[in-house]
Amino acid sequence: MNGPFTLRIAAVAFACLGLAACAWGAAHPEGWTATSATSWSKDGQTYAVASQAFDGTITDLANQETVDVLLRAKGAKFVRSDPYPDCPGLGALMTFRQTTAHGSFALLEAFVIRDSTATLITYTRPATRAQDPAAMAAMRSAICHT
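These figures come from a predicted structure and were not determined experimentally. (Residues numbered from 1 in each chain as written. Predicted model: local features only at pLDDT ≥ 70, side-chain atom pairs only at ≥ 80, totals over all residues. Heavy atoms only, no water.)

A.B. asks: Explain the nonpolar core to me, please; I cannot follow it from the model alone.
C.D. replies: Soluble globular proteins: nonpolar side chains tend toward being buried together. Formed by 21 residues in total, the largest nonpolar core has its most connected members in Tyr47, Tyr84, Ile121, Tyr123, Met139 and Ile143. Elements that contribute at least two residues to this core include exactly strand S3 (45-53), strand S6 (103-114), strand S7 (117-126) and helix H3 (133-144). Top contributing element to this core by residue count: H3, with eight residues. Within the second largest apolar cluster, 13 residues are counted, among which are Phe54, Ala73, Phe96 and Leu120. (Core = buried A, V, L, I, M, F, W, Y, C linked by side-chain atoms within 4.5 Å. Buried < 20%, exposed > 50% of the residue type's maximum accessible area, 1.4 Å probe, protein only. Helix = DSSP H or I, 4+ residues; strand = E, 2+ residues; numbered from the N terminus.)

Next comes the structure, spelled out in structure tokens:
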């Protein structure tokens, strides 16, 4: 049973495993709906994970992310930046407030650098909604690597 048919089955199986690894490998909120391999949504909230090569310091990444968020999220205002509360020294958590035609939002940007790779997490929720425990647990898992 060797031949093109077997190779196609193997290729499809490998591709499926690769996609599953992307979706399940990223720390994501339990019970949320996947909108792509790296983003999820629930009740007007969004959660996205990204990775990129990065050889700078955590301060360099914080500066870059501040500018990126302000350019990407029109109407956003910087509120604060802190060492990530559950694992200080590993990552950071920045908070922004954004006002759009659709309402006011809290935008949290968490990030960490490991082995010259930056992991970036963006969690957005309506400003009137409390933080979702599943989103915060997923963020902690990704940043603190628990």
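A.B. asks: Would you take a moment to explain unusual backbone geometry for this structure?
C.D. replies: Backbone geometry follows two general trends: most residues other than glycine have a negative phi, and most peptide bonds adopt the trans configuration. At Asp115, a position not held by glycine, the phi torsion is positive, near 50 degrees. Examined against the element boundaries, Asp115 turns out to sit in the loop between S6 and S7. In this model, Ser116 sits at a positive phi of 60 degrees, which is unusual for a non-glycine residue. Tracing the sequence through the fold places Ser116 in the loop between S6 and S7.

A.B. asks: Would you mind showing me how to read the pattern of salt bridges here?
C.D. replies: As a working rule, side chains carrying opposite charge can pair if their charged atoms are close by. Scanning the model with the defined rule gives four salt bridges in all. A salt bridge links Asp132 to Lys42, with the nearest nitrogen and oxygen atoms 3.8 Å apart. Here Asp132, found in the loop between S7 and H3, pairs with Lys42, found in strand S2 (residues 39-42); they are 90 residues apart in sequence, far enough to count as distant. Residue classification places Asp132 among the buried positions, given a relative accessible area of 9%. Residue Lys42 is classed as partly exposed on the basis of its relative accessible area, which comes to 29%. Across the pair Asp82 and Arg80 runs a salt bridge whose closest N-O atoms are separated by 2.6 Å. (Salt bridge = Lys/Arg side-chain N within 4 Å of Asp/Glu carboxyl O.)

A.B. asks: Any chance you could explain helix H2 (residues 58-72) here in plain terms?
C.D. replies: An α-helical segment advances 3.6 residues per turn. Residues three or four places apart therefore align on the same side. For H2, built from 15 residues, the straight-helix expectation of 21 Å at 1.5 Å per residue is met to within 8% by its first-to-last C-alpha distance of 20 Å. Residues Leu61, Ala62, Glu65, Thr66 and Val69 constitute the buried set of H2. In a view along the axis of H2, the buried residues occupy a sector of 140 degrees, so they form one face of it. (Expected span 1.5 Å × (residues − 1). Arc of directions from axis to C-beta.)

A.B. asks: Help me understand the sheet that holds strand S5 (residues 91-100) in this model?
C.D. replies: The seven strands lie next to each other as S1-S2-S3-S7-S6-S5-S4, forming an open sheet whose pairing is antiparallel. Of all strands in the sheet, those with a lone pairing partner are strand S1 (33-36) and strand S4 (76-83), marking the two edges. For this sheet the average axis-to-axis angle between neighbouring strands, irrespective of direction, equals 20 degrees. Where S2 lies against S3, four bridges are found, and the strand directions are antiparallel. Among the inter-strand pairings, Trp40 is bridged to a residue of S3, identified as Tyr47. Of the strands in this sheet, S3, S5, S6 and S7 touch H3, which is tilted by about 25 degrees from S6. (Pairing = 2+ DSSP bridges. Axes fitted to C-alpha atoms, helices over the stretch in contact; angles between N-to-C directions. Contact = heavy atoms within 4.5 Å.)

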